[in-house]
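The lines below spell out each chain.
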Amino acid sequence: MQLILASSSIYRKKQLESLRLDFSCISPNIDETPKSSETPQQLCQRLALAKAKEIGHKHSDALIIGSDQVAYCGNKQLTKPGGFDKAFEQLSQCAGKPITFYTGIALYNSKINTHQLSCEQYRVDFRPLSNQEITNYLTTEQPYNCAGAFMVEGLGISLFERLEGEDYNSLIGLPLIRLLAFLKNEGISPLL
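Keep in mind it's a predicted model, so treat the numbers as computed, not measured.

Draft legend 1. Structural view of the pairing of strand β6 (residues 114-126). In terms of strand pairing, strand β5 (residues 98-109) meets β6 through twelve bridges, oriented antiparallel. Looking across to β6, one finds that isoleucine 105 is bridged to serine 118. Where β5 folds back onto β6 in an antiparallel hairpin, the turn is made up of four residues, including asparagine 113, whose phi is positive at roughly 55°. Bridge count for β6 against strand β7 (residues 160-165) is five bridges, and the pairing is antiparallel. Residue tyrosine 122 lies in a different strand from β7, and its bridge partner there is glycine 165.

Next up, the structure:
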């Protein structure tokens, strides 16, 4: 069966490449608007599965990986800032506080119309940050297309006091430990 990553994210693609499996990437086109009263867990799982199933409509004999991530500082959802000003605002608001990332992961078997689905949570405790530290970080790394305005795999690690969760890969966007368990259930392992 063909393995497809339902994403246009260069970060997710790079993560999946680390497993040395043959796959292709196809960008899904879905409405990502949250539904009223939807929890972060429900939102990220619904979107992950919707992305995978969207690709499944055109690929009837594939295993399709969908993933989606939402991040919250308190009860405020963090977005991809898109530029310096919004990123500076987000990091200033997050300084000294915990952020929770919810990453939905789905593996959809389009041949038999079954799926596996999970929400992986990861907590990031920001240390107090000065305006100069935030400015220096943003101008160095420019993480403007990342939820929360940081990249843990780069200099972003210097922003934190503590990280807590089962798989740091979920912070980047693709929980590899859970994905590997899903793939094993389908008879796929990068080690076999």
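Draft legend 2. Summary view of helix α2 (residues 40-56). Between its terminal C-alpha atoms α2 stretches 24 Å, which fits the 24 Å expected from 17 residues at 1.5 Å a residue. What α2 keeps buried is the set Pro40, Leu43, Cys44, Leu47, Ala48, Leu49, Lys51, Ala52, Ile55 and Gly56. Elements in contact with the buried residues of α2: β1 (2-6), α1 (10-17), β2 (24-26), β3 (62-73), β5 and β6.

Draft legend 3. Just the packing of helix α3 (residues 84-94) against helix α4 (residues 131-141), in detail. At a closest axis distance of 10 Å, the pairing of α3 and α4 adopts a crossing angle of 135°. Compared by their axis directions, α3 and α4 come out oblique. Judged by the sense of rotation from one axis to the other, the crossing of α3 with α4 is right-handed. Packed against α3, whose contacting residues are Phe84, Ala87, Phe88, Leu91 and Ser92, the element α4 presents Asn131, Ile134, Thr135, Tyr137, Leu138 and Thr139 at the interface. Here the residues of the contact of α3 with α4 sort into seven nonpolar, four polar and no charged.

Draft legend 4. Summary view of the UniProt feature "active site" (unreviewed entry) in the chain. Mapped onto the present numbering, the UniProt feature "active site" (unreviewed entry) falls at Asp68. Residue placement: aspartate 68 occurs in strand β3. Setting aside residues no more than four positions away along its own chain, aspartate 68 makes contact with Arg12, Glu32, Cys44, Leu47, Ala48, Lys51, Tyr102, Thr103 and Gly104. A polar contact of 2.8 Å, which involves the side chain of aspartate 68, links it to the side chain of lysine 51.

Draft legend 5. Molecular detail of the side chain of aspartate 125. Assignment of secondary structure puts aspartate 125 in strand β6. Side chain to side chain, aspartate 125 and arginine 123 meet in a polar contact 2.7 Å long. Beyond its immediate stretch of four places on either side in the chain, aspartate 125 contacts Lys97, Pro98, Phe160, Glu161 and Arg162.

Draft legend 6. Representation of α3. Inspection of α3 places Ala87, Gln90, Leu91 and Cys94 among the buried residues, and these make up the whole buried set. Projected onto a plane normal to the axis of α3, the buried residues spread over an arc of 95° and lie on a single side. Residues of α3 that are buried in the fold lie against β3, β4 (76-78), β5, β6 and α4. Residue glycine 96 follows α3 closely and has a positive phi angle near 75°.

Conventions used here
Residues numbered from 1 in each chain as written. Predicted model: local features only at pLDDT ≥ 70, side-chain atom pairs only at ≥ 80, totals over all residues. Heavy atoms only, no water. Pairing = 2+ DSSP bridges. Helix = DSSP H or I, 4+ residues; strand = E, 2+ residues; numbered from the N terminus. Expected span 1.5 Å × (residues − 1). Buried < 20%, exposed > 50% of the residue type's maximum accessible area, 1.4 Å probe, protein only. Contact = heavy atoms within 4.5 Å. Axes fitted to C-alpha atoms, helices over the stretch in contact; angles between N-to-C directions. Parallel < 35°, antiparallel > 145°, perpendicular 65-115°, else oblique. Left-handed = near helix turned anticlockwise from the far one by under 90°. Nonpolar A, V, L, I, M, F, W, Y, C, P; charged D, E, K, R; others polar. UniProt positions renumbered as here; feature names shortened; annotations may be inferred. Polar contact = N/O pair within 3.5 Å; in protein donor to acceptor, adjacent residues only side chain to side chain. Arc of directions from axis to C-beta.

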